[in-house]
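As a plain string of letters, each chain reads:
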Amino acid sequence: MKNFLPFIALLLILASCKDPSVKYNQVIQNDSDYDVWIRVYERTDSAATVFFTVDSFFVAKKSETIILERNGHKNMDSFKPCRMYVDSITGRAADTSLVVGLNLNSDTNYVFNEVERNKKNGGTCECRVVFKNIHLQ
């Protein structure tokens, strides 16, 4: 048992020195009366470091969908600008000719929220955009 005490102490020290862990979500909230398809056009340049698993997302009326999840060892504040990791995002109401008139490509339309912060400025955060009937044209 005495041989394991230095090893346990080393593990505790390493665990306390770990960078903050951050879980980031990019969320689209549909408060409209229409089901909406969101289409994601990914970046094609070599600087793109984020990959979407699908190129379109269905967001039912009065619901929300996470279109991007990222995990890493960063400071939560590094996600505050709500940067867009795609060339463009468009939306169209299902079974209609209505399109989402709110610019889903602009980070200014997304609101940064700290869901939960830990002691090391890590935790869970999100950038959320909300659209309503008035945003469908």
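Residues numbered from 1 in each chain as written. Predicted model: local features only at pLDDT ≥ 70, side-chain atom pairs only at ≥ 80, totals over all residues. Heavy atoms only, no water.

Student: Mind laying out the overall build of the protein chain, listing which residues take part and the relevant values?
Tutor: Helix and strand counts for the protein chain come out as 1 helix and 7 strands. Ordering the α and β elements of the protein chain from the N terminus gives α-β-β-β-β-β-β-β. Going through the 137 residues of the protein chain one by one, you find that 34% of them count as buried. A separation of at least 24 residues holds for 71% of the contacts in the protein chain among residues at least 6 apart in sequence. For the protein chain, the accessible surface area stands at approximately 8500 Å², while carbon and sulfur atoms represent 54% of it. (Helix = DSSP H or I, 4+ residues; strand = E, 2+ residues; numbered from the N terminus. Buried < 20%, exposed > 50% of the residue type's maximum accessible area, 1.4 Å probe, protein only. Contact = heavy atoms within 4.5 Å. Areas by Shrake-Rupley, 256 points an atom, 1.4 Å probe, with all protein chains shown as cover.)

Student: Please provide a residue-by-residue account of the environment of Arg-39, values included.
Tutor: Relative to the helices and strands, Arg-39 is located in strand β2 (residues 36-42). With a relative accessible area of 31%, Arg-39 lands in the partly exposed category. Sequence spacing of Arg-39 and Ser-56 is 17 residues, and the spatial spacing of their C-alpha atoms is 4.4 Å. Excluding residues within four positions of it along the chain, Arg-39 makes contact with Asp-55, Ser-56, Ser-88, Ile-89 and Thr-90. A distance of 2.4 Å separates the side chain of Arg-39 from the side chain of Asp-55, its partner in a polar contact. (Polar contact = N/O pair within 3.5 Å; in protein donor to acceptor, adjacent residues only side chain to side chain.)

Student: Hey, could you go over the state of the cysteines for me, with residue numbers and the actual values?
Tutor: Throughout the structure, instances matching the rule amount to 1 disulfide. A sulfur-sulfur separation of 2.0 Å characterises the disulfide bridge that pairs Cys-82 with Cys-127. Handedness here is read from the sign of the S-S torsion; for Cys-82 and Cys-127, about -90°, the answer is left-handed. Residue Cys-82 is found in the loop between β4 (63-72) and β5 (86-93), and its partner Cys-127 is found in strand β7 (residues 123-131); the two are separated by 45 residues along the sequence. Note on accessibility: Cys-82 and Cys-127 belong to one class, buried. Cys-125 takes part in no disulfide bond, and the closest cysteine sulfur, belonging to Cys-127, lies 6.8 Å away. (Disulfide = S-S within 2.5 Å.)

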